[in-house]
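Spelled out from the first residue to the last, the chains are:
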Amino acid sequence: MKGWKWSALLALLLGTQAAFAGTATVYYYTPYKGWGTAYVHHDAGGAWTSVPGTLMSTECAGWAVRVITTGTASTFQAVFNDGQNHWDNAAGNGGNYLLPTSGTHQVKNGQVLANAGSPCTSTGTHSAEVFYYTRTRGWSAVNFHYSPTGGTWTTPPGIPMNETACTDWVKKTVSLGSATGMKADFNNGSVWDNNNGVDYSLGMGLITVKDGVVTANAASPCVVLPPDTTPPSVPTGVTATASGTAISVAWSASTDDRGVTGYTLTRTGGTLGTKSVTVTGTAYADSGLEALTTYSYTVKAFDAAGNTSAASSAASAKTGSAPPPPAPGTPLGGDIREDSIYFVMTARFYDGDANNNRGGSMHVKSGNAANNDPMFRGDFKGLIQKLDYIKALGFSAIWITPVVLNRSDYDYHGYHGWDFYRVDPRLESSGATYQDLINAAHAKGLKIIQDVVYNHSSRWGAKGLWTAKVYGVRDSQWSWYYDAPVAGFEYDGLTVEPTTGKSYYNGDLWSTPEPAGNTCRSWGVPTSYTSQEGYRIYNCQWPNPTTGMFPASLFHQCWIGNWEGEDSRSCWIHEDLADFNTENATVQAFLIDVYNRYIDMGVDGFRVDTAVHIPRVTWNRRFLPAAHSHAEAKFGAKGRDFFMFGEVGSFVNDKWNRGSPNHSAQFFTWKERKTYSSDDVAAALEQYNYEQTQGTANQPTSTNAFLQGNAWHAPDASQFSGMSVIDMRMHMNFGEASNAFWNGKDSDDSYNDATYNVVYVDSHDYGPNKSSTRYAGGTDAWAENMSLMWTFRGIPTLYYGSEIEFQAGKPIDCGPTCALATTGRAYYGANLEGSVTASDFGVVVSASGAVATTLSKPLVKHVQRLNQLRRRIPALQKGQYSTEGITGAMAYKRRFTDAAKGVDSFALVTVSGGATFNGIPNGTYTDAITGDVKTVTGGSLSATVSGKGNLRVYVLDLPGNPAPGKVGVDGPYLKP
């Protein structure tokens, strides 16, 4: 009986306790400490759990969860850890976290959000916790005025931000209902902060707004972390791989309770002693090393608090033989504005050596095979042979497409760089190397401007920095595309691999088993997509920035979503163009070293592709000063004339690209006007946000392109960035010369010096108004456009063949979906067969064959004389201009003065129609078109001209600077 009574009593007691027990669901935010796992250590049962506590389960991204059985008290204590003795005990407040014994709670960034519900499921009602920084404005109270997306605004001035926050911060939590975002402004009752009139765009969750910068999903600014005394883990997996006199070092990322800030790499070996460098990523390219020398590398990780790990195990590699030094070459020097530029796509201009012709993998599919027209057809030998043709046209500078070894399925144009250190063999021949071209051009007085790409590599990466393997499976479906590996064979674009018979062999670009060290997520998993041929595409089959295939330290990890947004400067344009992380020191060193080698060859300038896709602050800090200083150090005064001009794709008809200075061409001609963080990643974002906030109305202005009355004045280049630009606004408006003229001069105060703008009608990318076809406005319109370009400010530039309206109206580019012969990039060589000799710029001594016919075309005659005119009249090359006191649709006066050289040139120009010039200096003026002489005594000159494209250029006789008189012979457009 006694046994029954005790057991019954025990059951009764246990049942009573169960009646009082409950459960609490606790979510913990792991990014707060950078933990991969989390444990909860608590006293919910009346006594503390054993250390480290109970393992929490992963519920959703960033959140771990545990259901805890609680006792009879209303609250319990809890602390959290990662199971490795790293703790979060309420941010050092000494009291541990205090949680209710029932409900669902969140612990995030040092704060308890009691009864907040699950952060991993949507209840249909969203909220935002908004913190606003007050110190800068000095506000003692703040109102929050907002409107949920699709909802109505609060009544002005809004609701007080009166929730407890901390010094310099106010806070308000608001419900958004079903909306996931809102527009918002702030005020102190009288003064407003409305994001410069465009309102703030805020989302859900915890948001901070500080000095105009919105940070979404932020940590609470009111939580003070305890001192960080824990160092990161020791880096592992260190490897060193030599390629020539460069060594690539890579390692696995370290871990840290707060996050790893960077790594210190230490090198020993060689005669230069120990060297240490700091990097933010997990790879480093060490170049310029001694040949046949062993180097060892160790790596330490450090965090923001300065805690440093022990050194890793060493990795060693021995360098190979030194590459041969570049052949000698010296730039011509001189002011680039004295030149006019002829733009050539080398592979499509003239074929001097059929042995280096290559059609590539798309030869048949594109239709090129049917035309016996391989994409790589023209070459340096052909260009050397036709230098006299370009000189006969009157041009003194040649812009050529990129020369580096390319790699893609359709790469003749040069913008898919793979081995940046190597000139593409498909362009070179014996006795006609790139250096031979540079030297031959210089011997004829022609400058070489090399097209360069800093923004991206090919889809396979960049050899010597990082090259990809396509990690897609090579099964029976894909064996047609991915070649079997051939030991010892290396792609160079030219050499035919004997087994496959291909010059475009790609057996080094795939791996049947998952490769060791693969970082590409979901490797080999079939997707729902198929290729054009109907073959199943696997994850990681193709280059992609978002799969983890490319290292984040060296390549950006996103696609561009907004071409006028911040991401346009830091994401991929296309899968064929792997976007360099240009804010990374390793990438910067690689690109600077690459292009210094071409500067050493004596090129006269760089045309910079896709310049808008790199932050201006990165250009101004790194690439521009590096190129200019290297050129000057190498070549002295001639190096100081090294010219760089960028392609800033602002394809709009207004002054600023949709109101965004960061995406407008003129923006890149200026230095920074504010100091930013020393870290290039942070500085790029700070610069973007600052300039967007400043807007277009507050951008710097310049008078460098404008006369002061009739006087030239010394330009102020103190704020010049070092990069001039293609005049995109004139390009967009060259449907009519008058539109280009008006739009051009409307923008000129916003460039640092518009007299250095490179001006063209169309190019290998677009025609006017972003047309996809080559300009087809007619011969008269072409003549008028040329007359304006050659006499107005800027550097006139002509795309190959436009002198005969080559391929007018044809699509400029349609990739491999159509034959090149049907496009604006067609082969030009048939028009150049025969021989030509030029005795001077624009002067033909002899010509025979098809090229003689080409040189007889009306626009050729026109451009020859324009080049002769421009070369004889300094005001047309480098002069500032004014339209003050002038009547006439396209009329202007220009002057250039260089007292040290005794040059003073003053000219009056009118295009296609008459004009009157008032308020000009008295004296004798001679028209360079007709030889007509006018004597001005009352400060006024009237010029009569008719005919589209015709000109009058009246030049003032000045002491020591007589007018040249009539220049050249009358032609189809320039005539009495």
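Because the structure is a prediction, the values reported are computed rather than measured.

### Focus: the overall build of the chain
Inference 1: Of the regular secondary structure elements, the chain holds 15 helices and 52 strands.
Inference 2: Looking at the chain alone, contacts between residues at least 24 apart form 70% of all its contacts between residues at least 6 apart.
Inference 3: When the accessible surface of the chain is totalled, it reaches about 38100 Å², and 52% of it is carbon and sulfur.
Inference 4: The positive charge centre, built from 73 side chains, and the negative charge centre, built from 83, are 1 Å apart in the chain.

### Points about the state of the cysteines
Here is the idea: a disulfide is a covalent bond, and it sits between the sulfur atoms of two cysteines.
Inference 1: On inspection of all chains with the given rule, the structure shows four disulfides.
Inference 2: Residue C166 pairs covalently with C222 via a disulfide, S to S 2.0 Å. The disulfide joining C166 to C222 has a torsion of about -75 degrees about its S-S bond and is therefore left-handed. Here C166 is found in strand β14 (residues 163–166), whereas its partner C222 is found in the loop between β20 (213–215) and β21 (236–243), with 56 residues between them in sequence.

### A look at the sheet that holds β20
Inference 1: Ordered in space as β14-β15-β11-β19-β20, the five strands form an open sheet in which the pairing is mixed. Looking at the sheet topology across the chains shown, the edges are occupied by β14 and β20. In this sheet, adjacent strand axes meet at a mean angle of 25 degrees when their direction is disregarded.
Inference 2: The sheet contact formed by strand β11 (residues 126–133) and strand β15 (residues 169–177) spans eight bridges and is antiparallel. Residue F131 lies in a different strand from β15, and its bridge partner there is K171.

### Focus: the pairing of strand β4 (residues 57–60)
The side chains of a regular strand alternate, residue by residue, between the two faces of the sheet.
Inference 1: Note that β4 and strand β5 (residues 63–70) share three bridges and pair antiparallel. Bridging across to β5, T58 finds its partner in A64.
Inference 2: In this antiparallel pair of consecutive strands, β4 and β5, the connection spans two residues, and G62 shows a positive phi of 85 degrees.

### A look at the pattern of salt bridges
Inference 1: In total, this model carries 42 salt bridges according to the counting rule given.
Inference 2: The partner of R137 in a salt bridge is D193, and the shortest N-O contact between them spans 3.5 Å. Residue R137 is located in the loop between β11 and β12 (143–148), and its partner D193 is located in strand β17 (residues 192–193); the two are separated by 56 residues in the primary sequence.
Inference 3: R825 serves as the salt-bridge partner of D765, at 3.8 Å between the closest nitrogen and oxygen. Of this pair, D765 sits in the loop between β40 (758–759) and α12 (779–791) while R825 is found in the loop between β41 (795–799) and β42 (835–840), placing the two residues 60 residues apart along the sequence.

### Describing the nonpolar core
Inference 1: Ranked by internal contacts, the top residues of the largest apolar core, which has 166 residues, are Y342, F349, Y389, Y434, Y454 and F606.
Inference 2: A24, Y29, A44 and F80 belong to the second-largest nonpolar core, a separate cluster that totals 22 residues.

### Examining the environment of R621
Inference 1: Position of R621 among the secondary structure elements: in helix α7 (residues 616–635).
Inference 2: Sequence separation of R621 and K671 is 50 residues, and the distance between their C-alpha atoms is 9.2 Å.
Inference 3: Contacts of R621, omitting those with residues within four sequence positions, involve Y676, S677, S678, D679, D680 and A683.
Inference 4: One polar contact links the side chain of R621 to the main-chain carbonyl oxygen of S677, over a distance of 2.5 Å.

### Side note on the environment of F349
Inference 1: Counting through the fold element by element, F349 comes out in helix α2 (residues 346–349).
Inference 2: Residue F349 is classed as buried on the basis of its relative accessible area, which comes to 1%.
Inference 3: For the pair formed by F349 and A826, sequence separation is 477 residues and the distance between their alpha carbons is 8.4 Å.
Inference 4: If near-sequence neighbours (up to four positions away) are discounted, F349 is found in contact with Y342, V344, G378, L383, K386, Y389, I390, Y800, Y827, Y828, G829 and L832.

### A few points about the environment of D679
Inference 1: With respect to the helices, strands and loops of the structure, D679 is situated in the loop between β38 (643–646) and α9 (680–694).
Inference 2: Under the relative-accessibility criterion, D679 is labelled partly exposed at 37%.
Inference 3: In this structure the side chain of D679 is engaged in a polar contact, spanning 3.2 Å, whose partner is the backbone nitrogen of V681.

### Describing the sheet that holds strand β25 (residues 283–286)
Strands in a sheet are paired, the pairing made by backbone hydrogen bonds, and the direction either parallel or antiparallel.
Inference 1: Sheet architecture is open: three strands sit in the order β21-β22-β25, paired in antiparallel fashion. Unpaired on one side and paired on the other, β21 and β25 mark the two borders of the sheet. When the angles between neighbouring strand axes are averaged without regard to direction, this sheet yields 15 degrees.
Inference 2: Across six bridges, β21 lies against strand β22 (residues 246–252) in antiparallel orientation. From the neighbouring strand, T241 faces β22, where its bridge partner is S248.

### Section: the side chain of S750
Inference 1: Locating S750 in the fold gives a position in the loop between α11 (737–747) and β40.
Inference 2: Classification of S750 as buried rests on a relative accessible area of 3%.
Inference 3: Within the structure, S750 has its side chain in polar contact with the backbone oxygen of S747 (distance 2.6 Å).
Inference 4: Among all residues touching S750, those that are not within four sequence positions of it are K655, W656, Q666, W670 and P700.

### Examining the side chain of S721
Inference 1: As for its position among the elements, S721 is in the loop between α9 and β39 (724–725).
Inference 2: Within polar-contact distance, the side chain of S721 engages the backbone nitrogen of M723 at 3.1 Å.
Inference 3: The contact partners of S721, leaving out residues within four places of it in the chain, are N620, L624, F668, T669, W670 and K671.

### What about the packing of α7 against α9?
Inference 1: In contact at an axis separation of 8 Å, α7 and α9 are set at 135 degrees when each is read in the N-to-C sense. Regarding the angle of α7 to α9, the classification is oblique. Across the interface between the two elements, R616, V617, R621 and R622 from α7 touch D680, A683, A684, Q687 and E691 from α9.
Inference 2: Of the residues contributing to the contact of α7 with α9, the split by class is three nonpolar, one polar and five charged.

### Notes on the packing of aromatic side chains
Inference 1: Enumeration according to the criterion identifies 69 aromatic pairs in this entry.
Inference 2: Considering the side-chain rings of Y410 and Y412, the 5.4 Å spacing of their centres and the 80 degrees angle between planes classify their relative orientation as edge-to-face.
Inference 3: Consider the rings of Y481 and W542, whose centres lie 5.4 Å apart with planes at 75 degrees: the pair is edge-to-face. With Y481 in the loop between β34 (466–467) and β35 (526–530) and W542 in the loop between β36 (536–538) and α6 (585–600), this residue pair connects regions lying 61 residues apart in the sequence.

### Describing the packing of α11 against α12
Inference 1: Where α11 meets α12, the closest approach of the two axes is 9 Å, and the angle between their N-to-C directions is 25 degrees. In terms of orientation, α11 lies roughly parallel with respect to α12. Side by side, α11 and α12 meet where A737, A740 and F741 of the first sit next to E784, N785 and L788 of the second.

Parameters at a glance
Residues numbered from 1 in each chain as written. Predicted model: local features only at pLDDT ≥ 70, side-chain atom pairs only at ≥ 80, totals over all residues. Heavy atoms only, no water. Helix = DSSP H or I, 4+ residues; strand = E, 2+ residues; numbered from the N terminus. Contact = heavy atoms within 4.5 Å. Areas by Shrake-Rupley, 256 points an atom, 1.4 Å probe, with all protein chains shown as cover. Lys, Arg positive; Asp, Glu negative; His and termini not counted. Charge placed at Lys NZ, Arg CZ, Asp CG, Glu CD. Disulfide = S-S within 2.5 Å. Pairing = 2+ DSSP bridges. Axes fitted to C-alpha atoms, helices over the stretch in contact; angles between N-to-C directions. Salt bridge = Lys/Arg side-chain N within 4 Å of Asp/Glu carboxyl O. Core = buried A, V, L, I, M, F, W, Y, C linked by side-chain atoms within 4.5 Å. Buried < 20%, exposed > 50% of the residue type's maximum accessible area, 1.4 Å probe, protein only. Polar contact = N/O pair within 3.5 Å; in protein donor to acceptor, adjacent residues only side chain to side chain. Parallel < 35°, antiparallel > 145°, perpendicular 65-115°, else oblique. Nonpolar A, V, L, I, M, F, W, Y, C, P; charged D, E, K, R; others polar. Phe/Tyr/Trp six-rings, centres within 6.5 Å; stacked < 30°, edge-to-face > 60°.

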